[in-house]
Amino acid sequence: MTPTSAPLPAVRLVLLGPDPLQALVSGDLAAAATAAGVALPADFLADTWLWTLRLGQMIGEPACTPWLVRGIVAEPEGVVVGHAGFHGPPDEQGMVEIGYRVVAAHRGRGYARAAVTELLSYARQHGAQVARASVRPDNAPSLRIIEAFGFEAVGDQIDEYDGEFELVFERALT
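Residues numbered from 1 in each chain as written. Predicted model: local features only at pLDDT ≥ 70, side-chain atom pairs only at ≥ 80, totals over all residues. Heavy atoms only, no water.

Peer 1: Is there a simple way to explain the environment of Glu147 in this structure?
Peer 2: Turning to its location among the elements, Glu147 is positioned in helix α6 (residues 140–148). Classification of Glu147 as exposed rests on a relative accessible area of 60%. Sequence separation of Glu147 and Met58 is 89 residues, and the distance between their C-alpha atoms is 31 Å. (Helix = DSSP H or I, 4+ residues; strand = E, 2+ residues; numbered from the N terminus. Buried < 20%, exposed > 50% of the residue type's maximum accessible area, 1.4 Å probe, protein only.)

Set out below in structure tokens:
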């Protein structure tokens, strides 16, 4: 299911592997951009905790790298407007959890919806059976996005990394 309310902007998701993440962790935006092959927004420097987490996953289990984090590139402009990915590869039940963030200057233009479309397509093509999304109850834009994609509430949790209360949603990918 893809939302039909408005046409989606064109995006491509560019893998951010160990080299760009290491540069971001070190605070070197220029080196990160060179390693990624695309200019990255300065906003990415504020997400050091995420880059550190994902880099650790990539180092510990290199095969999970394609599942973790990608830059959202708006086309045809070639501008990175955010990042999207999964918390890891599919688990034993074939479930993946999606995550995305559009930088403030580019919000409200459909980039998150476009990125979620790409994430769900990738997950489906690579054997995942279920997608999960965890969203703070005060994040109205993300709640609208996951509702539009047919996610259904399955519970709530306290995020293990930032301690925030989140609502948990899932949807089948078949």
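Peer 1: Please clarify how the sheet that holds strand β2 (residues 69–74) should be interpreted in this entry.
Peer 2: Strand order across the open sheet formed by 7 strands is β1-β2-β3-β4-β5-β7-β6, with mixed pairing between neighbours. The strands lining the two open edges of the sheet, one partner per strand, are β1 (11–15) and β6 (152–158). The average angle at which neighbouring strand axes cross in this sheet is 30°, direction not considered. Relative to strand β3 (residues 79–86), β2 runs antiparallel, the two sharing 6 bridges. Of the residues in β3, the one forming a bridge with Ile72 is Gly82. (Pairing = 2+ DSSP bridges. Axes fitted to C-alpha atoms, helices over the stretch in contact; angles between N-to-C directions.)

Peer 1: Any chance you could explain the nonpolar core here in plain terms?
Peer 2: Generally speaking, soluble globular proteins have nonpolar side chains that are buried together. Counting residues in each nonpolar core, the largest one holds 31 residues, and the members touching the most others are Ile72, Phe86, Ile98, Tyr100, Leu120 and Phe151. Counting residues per element, this core draws most heavily on helix α5 (residues 111–125), at 9 residues. Ranked by size, the runner-up nonpolar core spans 22 residues in total, among them Leu29, Ala32, Met58 and Cys64. (Core = buried A, V, L, I, M, F, W, Y, C linked by side-chain atoms within 4.5 Å.)

Peer 1: Where do I start with the pattern of salt bridges in this structure?
Peer 2: Where charged atoms from two side chains of opposite charge approach closely, those side chains can pair. Here the structure, examined in full by the defined rule, presents 4 salt bridges. The residue Arg132 makes a salt bridge to Glu170 at a minimum N-O spacing of 2.4 Å. Here Glu170 lies in strand β7 (residues 165–172) and Arg132 lies in strand β5 (residues 130–135), a separation of 38 residues in the sequence. Using a relative accessible area of 21% as the deciding quantity, one classes Arg132 as partly exposed. (Salt bridge = Lys/Arg side-chain N within 4 Å of Asp/Glu carboxyl O.)

Peer 1: Explain α6 to me, please; I cannot follow it from the model alone.
Peer 2: Residue pairs spaced three or four apart in an α-helix point in one direction, given the helix's 3.6 residues per turn. Among all positions of α6, only Ser142, Ile145 and Ile146 are buried. Buried residues of α6, viewed axially, fall in a sector of 90°; they line one side. With respect to the buried face of α6, the exposed residues turned more than 90 degrees away are Arg144 and Glu147. Buried positions along α6 lie against β4 (95–102), α5, β5 and β7. The N-capping residue of α6, defined by a side-chain oxygen 3.2 Å from the backbone nitrogen of Ser142, is Asn139. Remark: Gly150 follows α6 within two positions and exhibits a positive phi of approximately 85°. (Arc of directions from axis to C-beta. Contact = heavy atoms within 4.5 Å. Polar contact = N/O pair within 3.5 Å; in protein donor to acceptor, adjacent residues only side chain to side chain.)

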